[in-house]
Amino acid sequence: MQVIIQTRVEQPMHRVWDGFTLRLFNQLSPPFPPVNVVRFDGCRKGDTVHLRLNFLLFKQDWISAITEHQETDQEIYFIDKGTKLPFFLAYWQHKHRLIREGTHTRIADEVTFRTPTRLTDFLIYPIMYGLFAYRKPIYKRYFRNSNGG
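Each value, and the rule that gives it
Note on numbering: residues in each chain are counted from 1, in written sequence order. Thresholds applied to this predicted model are a pLDDT of at least 70 for local features of residues and 80 or more for the giving and counting of side-chain atom pairs; totals over whole chains, interfaces and linings are not thresholded and use all residues. Hydrogens are left out, water is left out, and the side-chain values use all remaining heavy atoms of the structure. The way it works is that DSSP assigns letters per residue, a run of H or I at least four long becomes a helix, a run of E at least two long becomes a strand, and they are numbered from the N terminus. In this analysis, two residues are considered to be in contact whenever any of their non-hydrogen atoms come within 4.5 Å of each other. Definition of a polar contact: a pair of N or O atoms within 3.5 Å, with one able to donate and the other able to accept a hydrogen when the atoms are protein atoms, and with sequence-neighbouring residues admitted only if both atoms are side-chain atoms. Only strands joined by at least two bridges in the DSSP assignment are considered to pair. Each axis is a line fitted through C-alpha atoms, taken for helices only over the stretch in contact, and angles between the N-to-C directions span 0 to 180 degrees. Here a pair means two rings of Phe, Tyr or Trp (six-membered ring of Trp) with centres within 6.5 Å. Their orientation is stacked below 30 degrees between planes, edge-to-face above 60, and tilted elsewhere. Residue exposure (1.4 Å probe, protein chains only): buried if accessible area is under 20% of the type maximum, exposed if over 50%, otherwise partly exposed. Geometrically, a lysine NZ or arginine CZ counts as sitting over a ring once it is within 6 Å of the ring centre and also within 35 degrees of the ring normal.

Chemist: Which residues make up the environment of Arg 106, and what are the values?
Modeler: You can see Arg 106 is positioned in strand β7 (residues 104-114). Excluding anything up to four places from it in sequence, Arg 106 contacts Gln 6, Thr 7, Arg 8, Arg 97, Leu 98, Ile 99 and Glu 101. Of the polar contacts made by the side chain of Arg 106, one reaches the side chain of Gln 6; its length is 2.6 Å.

Chemist: Can you explain the sheet that holds strand β5 (residues 75-84)? Please cite residues and give values.
Modeler: Taken together, the seven strands give an open sheet; going across it, the order is β1-β7-β6-β5-β4-β3-β2, and neighbouring strands pair in antiparallel fashion. The open sheet terminates on both sides in strands that have one partner only, identified here as β1 (2-9) and β2 (35-40). Each adjacent strand pair in this sheet contributes to an overall mean axis angle of 20°, direction not counted. By the bridge criterion, seven bridges tie strand β3 (residues 48-54) to strand β4 (residues 59-71) in an arrangement that is antiparallel.

Chemist: Would you mind going over the packing of aromatic side chains in detail, with residue names and values included?
Modeler: Two numbers describe a pair of aromatic rings. These are the distance of the centres and the angle of the planes. Applying the stated criterion across every chain, the model contains 14 aromatic pairs. Ring centres of Phe 55 and Phe 58 lie 5.2 Å apart, and the angle between their planes is 20°; on these two criteria the pair is classed as stacked. The exposure class assigned to Phe 55 is buried, which follows from its relative accessible area of 17%. Aromatic ring contacts, followed pair by pair, group Trp 17, Phe 20, Phe 78, Tyr 139, Tyr 142 and Phe 143 into a single cluster. Lying across the ring of Tyr 77, Lys 95 places its NZ or CZ 4.3 Å from the centre.

Chemist: Got a sec to walk through the pairing of β3? Specific residues and values, please.
Modeler: Successive side chains on a regular strand alternate, one facing one side of the sheet and the next facing the other. Taken across its seven residues, β3 has five buried, putting it largely inside the fold. Sheet analysis places β2 next to β3, joined by five bridges and oriented antiparallel. Each residue of the ladder has a partner; that of Val 35, found in β3, is Leu 53. The antiparallel pairing of β3 with β4 creates a hairpin that spans four residues between the two strands, and Leu 56 there sits at a positive phi of about 70°.

Below you can see the structure in the form of structure tokens.
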């Protein structure tokens, strides 16, 4: 399954890239499940992000490796792939794209995921879509002023 959400922000691409920090990551986390960041190396190839999701009665670790990172004059992107996933996911890849649009930037979250079964893929899809649509106003607010946050 694939979810693609795009958000236009009124900041230059390199300023948006500079804002992709732990501070932004924490603001993008949804209210449920609460997320504890165990490790956040950054957004470059070789970095690791380790999260602990708190489902109240139990916790699940989610570890992703940044497997690709590339910068051109028109686009900056990085890809995180799940190496240890919560029980409800069998595969995870998230391509974060920052695309230059003149003096503005389009942020594209391109997520590919699979759950243990095709049926649960379809059941989880609206939740995943909602979790990434939730980011749109956060991105807009975070990148509204010139210092990226």
